[in-house]
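Chains, contacts and geometry: an overview
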Amino acid sequence: MTASTHPAHPRRSDATRAAILRAARERFAADGYERATIRAIAADARIDPSMVMRYYGSKEGLFAAAAEFDLRLPDLTAVPSGQLGEVLVRHFLARWEGDETLAALLRAASTNPGAAERMRGIFADQLTAAVATFGTDPALTARRAGLVASQILGLAITRYIVRLPPMVDMAPEELVSWIAPTLQRYLTGLSQT
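Please read all numbers here as calculations on a predicted model, not as lab measurements. (Residues numbered from 1 in each chain as written. Predicted model: local features only at pLDDT ≥ 70, side-chain atom pairs only at ≥ 80, totals over all residues. Heavy atoms only, no water.)

**What about the overall build of the protein?**
Along the backbone of the protein there are 10 helices and zero strands. Helices and strands appear in the protein in the N-to-C order α-α-α-α-α-α-α-α-α-α. Counting only C-alpha atoms, the protein reaches 65 × 45 × 30 Å along its principal axes. Residue burial in the protein is summarised as follows: out of 193 residues, 42% are buried. Counting 22 positive and 20 negative side-chain charges, the protein places the centres of these two groups 6 Å from one another. (Helix = DSSP H or I, 4+ residues; strand = E, 2+ residues; numbered from the N terminus. Buried < 20%, exposed > 50% of the residue type's maximum accessible area, 1.4 Å probe, protein only. Lys, Arg positive; Asp, Glu negative; His and termini not counted. Charge placed at Lys NZ, Arg CZ, Asp CG, Glu CD.)

What follows is the structure, given as structure tokens:
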């Protein structure tokens, strides 16, 4: 018998990984990152907890693999060019305040290389694509997106992870007024190169 006469059989490890990811997505969505446990996820997947650790190494690694994030960025082509910074700050504040999974991924990214890679990919792919849509110089698109990400991630860390009092105490409108001009400069200002 040859491989061409019989369809390939999926490996048991592939099915186990898929079951773990399915259970993890459901458990993280239902309980949130902090309350979800490896033991509960393993029970949902009907496997031993050691198998979760074998495949993903840690809760953070599992979360990074299971998490599917869409930043749901607005269509920047529909935004007047002078309002891009404001629109993005408002958008990200709404996303961070309305979705604890982004904060959980950011926490995980600070200690777990897999989660950090996931966060890099999310911001690099989605934000760079959004920045490219409004006609920035293609040679500067990635740099502009990286600068925006640095500001947005810094805001998220100080407001939602570290909970630095001045950042937590500011109303969203005040944050917009402080941060939007900086993002606007990153997005549309002339480069100094």
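**A closer look at the pattern of salt bridges**
Close approach of charged atoms allows side chains with opposite charge to pair. Tallied over the full model, the rule gives six salt bridges. Across the salt bridge formed by E173 and R90, the nearest N and O atoms sit 2.4 Å from each other. Linking E173 in helix α10 (residues 172–188) with R90 in helix α5 (residues 84–98), this pair joins segments that are 83 residues apart in sequence. Taking the shortest distance from any N to any O, the salt bridge between E117 and R120 comes out at 2.8 Å. A residue pair is termed a helical-turn pair when its members lie 3 or 4 positions apart in one helix, as E117 and R120 do in helix α7 (residues 113–132) at three residues. Residue class for E117 comes out partly exposed when judged on its relative accessible area of 45%. (Salt bridge = Lys/Arg side-chain N within 4 Å of Asp/Glu carboxyl O.)

**Considering the confidence of the model for the protein**
Chain-level pLDDT for the protein is 87 on average; 93% of the residues reach the 70-or-more range. When pLDDT is averaged over each element of the protein, helix α9 (residues 165–169) comes out on top at 97 and helix α6 (residues 100–109) at the bottom at 78. A low-confidence stretch, residues 1–7 stays under pLDDT 50, and its non-local contacts, those more than four residues away or across chains, total one contact. (pLDDT = per-residue confidence, 0-100. Contact = heavy atoms within 4.5 Å.)

**With respect to the environment of I20**
Residue placement: I20 occurs in helix α1 (residues 12–35). Separated by 80 residues in sequence, I20 and E100 place their C-alpha atoms 21 Å apart. With near-sequence residues (within four places) excluded, I20 lies in contact with I41, A45, I47, M51, V52, Y55, Y56 and L62.

**Topic: the environment of P80**
Among the structural elements, P80 can be located in the loop between α4 (59–66) and α5. Its relative accessible area of 46% is what places P80 among the partly exposed residues. The spacing of P80 and F134 is 54 residues in sequence and 9.7 Å in space, taken between C-alpha atoms.

**As for the packing of α1 against α4**
Think of two packed helices as two axes; the pair is described by the angle between the axes and how far apart they sit. The N-to-C vectors of α1 and α4 enclose an angle of 105°; their axes lie 9 Å apart at closest approach. When the axes of α1 and α4 are compared, the pair comes out roughly perpendicular. Touching I20, L21, A24, R25, F28, Y33 and E34 of α1 are K59, E60, L62, F63, A65 and A66, all from α4. Here the contact of α1 with α4 is composed, by residue class, of nine nonpolar, no polar and four charged. (Axes fitted to C-alpha atoms, helices over the stretch in contact; angles between N-to-C directions. Parallel < 35°, antiparallel > 145°, perpendicular 65-115°, else oblique. Nonpolar A, V, L, I, M, F, W, Y, C, P; charged D, E, K, R; others polar.)

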